[in-house]
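# Descriptive structure summary
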Amino acid sequence: FILMSELDKALSRQEFILFYQPRVELETNTVKGVEALIRWKHPQHGFISPGEFIPLAEETGFIATLGEWVLWEACRQSKAWLDEGICELRVAVNVAAQQFWDPGFVAMVRRTLHETGLDPQLLELEITESALMSDQFRMMDVLSELQELGVYVSIDDFGTGYSSLSYLKRFKVNTLKIDRSFIQDLPEDTEDAAITTTIISLARNLGLQVTAEGAERADQVEFLRQRGCDSIQGFYYGRPMPPEELVSFVQSRS
Ligand code: G
Ligand code: G
Ligand code: MN
Ligand code: NA
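Residues numbered from 1 in each chain as written. Chains lettered and ligands numbered in written order. Predicted model: local features only at pLDDT ≥ 70, side-chain atom pairs only at ≥ 80, totals over all residues.

This part covers the overall build of the protein. When helices and strands are tallied, the protein shows 12 helices and nine strands. Taking the principal axes of its C-alpha atoms as reference, the protein extends roughly 50 × 45 × 40 Å. In the protein, buried positions account for 37% of the 254 residues. A fraction of 64% describes how many contacts in the protein between residues 6 or more apart in sequence connect residues 24 or more apart. (Helix = DSSP H or I, 4+ residues; strand = E, 2+ residues; numbered from the N terminus. Buried ≥ 20, exposed ≤ 12 C-beta atoms within 10 Å, placed from the backbone. Contact = placed C-beta atoms within 7 Å.)

Our next topic: the packing of helix 5 (residues 105-116) against helix 7 (residues 136-149). Two elements in contact, helix 5 and helix 7, have axes whose closest approach is 10 Å; the angle formed by their N-to-C orientations is 15°. By the angle between their directions, the pair helix 5 and helix 7 is classed as roughly parallel. The two elements helix 5 and helix 7 cross, and the hand of that crossing is right-handed. Packed against helix 5, whose contacting residues are Phe 105, Val 106, Val 109 and Arg 110, the element helix 7 presents Val 142, Glu 145, Leu 146 and Leu 149 at the interface. Residues of the contact of helix 5 with helix 7, tallied by class, amount to six nonpolar, no polar and two charged. (Axes fitted to C-alpha atoms, helices over the stretch in contact; angles between N-to-C directions. Parallel < 35°, antiparallel > 145°, perpendicular 65-115°, else oblique. Left-handed = near helix turned anticlockwise from the far one by under 90°. Nonpolar A, V, L, I, M, F, W, Y, C, P; charged D, E, K, R; others polar.)

This part covers the site of ligand 1. Inspection of the region around ligand 1 gives Leu 37, Ile 38, Ser 49, Pro 50, Gly 51, Ile 54, Gly 67, Val 70, Asn 94, Ala 96 and Pro 240 as its neighbouring residues. Put simply, the parts of the chain that give the shell around ligand 1 at least two residues each are strand 2 (30-42), helix 2 (50-60) and helix 3 (63-83). Residue contributions to the shell around ligand 1 peak at three residues, all from helix 2. Across the shell around ligand 1, the residue classes tally to seven nonpolar, four polar and no charged. (Near = placed C-beta within 6 Å.)

Relative to strand 2, strand 1 (residues 16-25) is paired through 10 bridges, and the arrangement is antiparallel. Looking at the pairing, Phe 19 lines up with Leu 37 of strand 2. Taking the residues that link successive antiparallel strands as the turn, the strand 1-strand 2 hairpin has four residues, and the phi of Asn 29 there is positive, at about 60°. Bridge count between strand 2 and strand 4 (residues 90-95): four bridges; the pairing is parallel. Each bridged residue has a counterpart across the sheet, and for Val 34 the counterpart in strand 4 is Val 91. (Pairing = 2+ DSSP bridges.)

Rendered as structure tokens:
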């Protein structure tokens, strides 16, 4: 049970940290990107998962402040890895619906890139399919502005929302991230196999990148590789981990 006042304090007490989960490119078998995933290091209760406090942050509007911090910290980290000559990693940041629809959102992203000095090409914004679809005309404008800025955009949890294929054609997005629910029962589940195969060829035919989330086993990775999936983010390769561990992980694979 979490109180809003605790969330607010946690931010000023620097109790939030970002973990990073590697995304492995299948063709080269190397890590080209990571997803930043927030954790709350609570002084009494240890690590608290975002599933337990992001919903409250969304209800109370605190997600705006928290989301800005996440974006800033992820950009700062990617830039630091690059400057220190450690690795070049595109960092993917989850954007809540409320953030995406805020009229100041694109300006905030631009300002954060400027302040941290990160190349826009090294930032990817993950927006869920359901968040995108609520206002299709404005969505097109925001996506165009983000494209002009030069950041990457991916549709998170793809396959679980309601985007019509005709809109997909005009979405200015770079990547579809296939939701974990379609991956977890591969390759045995014939329906999930059909859905996954179809999403991969849809993405390829539209010239989009496709990432599968949640592969935990070698046979799942093999299935996805054979169907032309570009990259995989799943426990098979690595869990979300602290930045130091991520660096060792990347270096051990390159
Ligand atoms: O890391 P974990 O599997 O516990 O994440 C659970 C959920 O929390 C996922 O749906 C993930 O997208 C979400 N999440 C993690 N970090 C962030 C964040 O920084 N911002 C937002 N909006 N959601 C996040
Ligand atoms: O909603 P979103 O796609 O942002 O959620 C990402 C979350 O999915 C991460 O917090 C991560 O913990 C979780 N995740 C990533 N890979 C796997 C996996 O292979 N298995 C399971 N069970 N969860 C995963
Ligand atoms: Mn995500
Ligand atoms: Na997802």
